[in-house]
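Each chain is listed here by its residues.
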Amino acid sequence: MKLTIGRHKDNDLVLNDNTVSGKHAEVKISENFKDFTLVDLQSANGSKVNGRKIASKKITEKDSFQFGNSKVAGPVLFKTLNNHIKQARTDFSAEFTTLLGIESQYKSKRRNLNKNYRLLAMLPRLLITIGIVVVIYLIPNLGTELRYPLMIGATLVGSTISTLGISERKKEELLDKLKTRFQLEFVCPKCGSEFYGKEGFFWKEKKTCRNKNCNATWHVN
Ligand SMILES: [Zn+2]
């Protein structure tokens, strides 16, 4: 597999510059999509990697490139390369497995939020009440006939003030936030089509995306 670079419009990376040849260079991509070799196609004005003319050279994202007078930064070329690879690839099993992990994380976070939120919402109130009781206990020259009724009073007030309404709303807010973030992540690894609305195991059995123009597949046990 390769990525072609040149002035002609049928290249994968088109450089609109008269010093660039029609078919100027190409990047050869290894079968595991991990090694990249830039090959100059005997262009009129040559190809450079980090300022040096090359005929053929292994490249990484950290290199900088020049075709004729056109400079292309490493991240720019590699972004094009990665998109090109994604277009050609059909097996997205690894990415799909990651998605399943994201889904189970989301579910457990949602479960914990539902289970623990009431307790968490109560905690600050509890701590404040304890603080007040301790302060009353430590006030010097306070007779026991005043001290203990005050402490009991503070405890009663602390435990009866209801924050339930507020905490339910806050919980819904947090659940919403969690869901929104999950919806953004739970998408086809190739085309970005939404997966939300069906569970991970549905997509796992389906083995393909809902977008008919997308040819992504996955095979996960
Ligand atoms: Zn898709």
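Scroll up to find the structure.
What you see is a predicted model, and the numbers here were worked out from it, not measured in a lab.

Rules and cut-offs
Within any chain, residue numbers begin from 1 and follow the written order of that chain's sequence. Reporting of local features is limited, given that this is a predicted model, to residues whose pLDDT is at least 70; pairs of side-chain atoms are given and counted only at 80 or more, and all residues count toward the totals for whole chains, interfaces and linings. Secondary structure follows DSSP: runs of H or I at least 4 residues long count as helices, runs of E at least 2 residues long count as strands, and numbering of each begins at the N terminus. Expected helix span is computed as 1.5 Å times (number of residues minus one). Any residue with 12 or fewer other C-beta atoms within 10 Å of its own C-beta is exposed, any with 20 or more is buried, and the rest are partly exposed; the C-beta atoms used are placed from the backbone. Any two strands between which DSSP finds at least two bridges are classified as paired. Between the N-to-C directions of two axes lies an angle of 0 to 180 degrees, each axis being a line fitted to C-alpha atoms and, for a helix, fitted only over the stretch in contact. Working definition: the nonpolar core is a set of buried Ala, Val, Leu, Ile, Met, Phe, Trp, Tyr and Cys residues, joined through C-beta atoms within 7 Å. Here, residues touch in the contact sense if the C-beta positions derived from the backbone fall within 7 Å of one another.

Colleague: What is the right way to read helix 3 (residues 144–160) from this model?
Modeller: What sets the pattern is the α-helix's 3.6 residues per turn: residues three or four places apart point alike. An ideal rise of 1.5 Å per residue puts 24 Å on 17 residues; helix 3 measures up with 24 Å between its terminal C-alpha atoms. Burial analysis of helix 3 places just zero of its 17 residues in the buried class, which makes it a mostly uncovered element.

Colleague: Looking at this structure, how should I read the sheet that holds strand 6 (residues 52–54)?
Modeller: By way of backbone hydrogen bonds, the strands of a sheet pair with one another, either parallel or antiparallel. Strand order in the open sheet made by the four strands is 6-5-8-9, with antiparallel pairing throughout. On the outer flanks of this sheet lie strand 6 and strand 9 (70–72), each paired with one strand and no other. Looking at each pair of strands side by side, their axes are set apart by 30 degrees on average, direction ignored. Note: strand 5 (residues 47–49) against strand 6, three bridges, orientation antiparallel. Following the sheet pairing, V49 is matched in strand 6 by R52.

Colleague: Looking at this structure, I do not really get the nonpolar core. What am I missing?
Modeller: Most often, soluble globular proteins keep nonpolar side chains buried together rather than apart. Counting residues in hydrophobic clusters, the biggest one holds 13 residues, and the most contacted among them are I5, V27, F67 and L81. Of all the elements in the fold, those that place two or more residues in this core are strand 1 (2–6), strand 3 (25–29), strand 4 (36–40), strand 8 (65–67) and helix 1 (74–88). Sequence-distant contacts of F67, that is, excluding residues within four places in its chain, are made with I5, L15, V20, H24, A25, S47 and V72. In terms of nonpolar packing, the next biggest core, distinct from the first, is built from ten residues, F92, F186, C209 and A216 among them.

Colleague: Which parts of the structure should I look at to understand the sheet that holds strand 3?
Modeller: Spatially, 2-1-3-4-7 is the arrangement adopted by the five strands of the open sheet, whose pairing is mixed. A strand with exactly one partner marks an edge of an open sheet, and here the two such strands are strand 2 (13–14) and strand 7 (56–58). Pairing geometry for strand 3 and strand 4, over five bridges, is antiparallel. From the neighbouring strand, A25 faces strand 4, where its bridge partner is D40. Sitting on the sheet, helix 1 touches strand 1, strand 2, strand 3 and strand 4, and the angle it makes with strand 1 is about 135 degrees.

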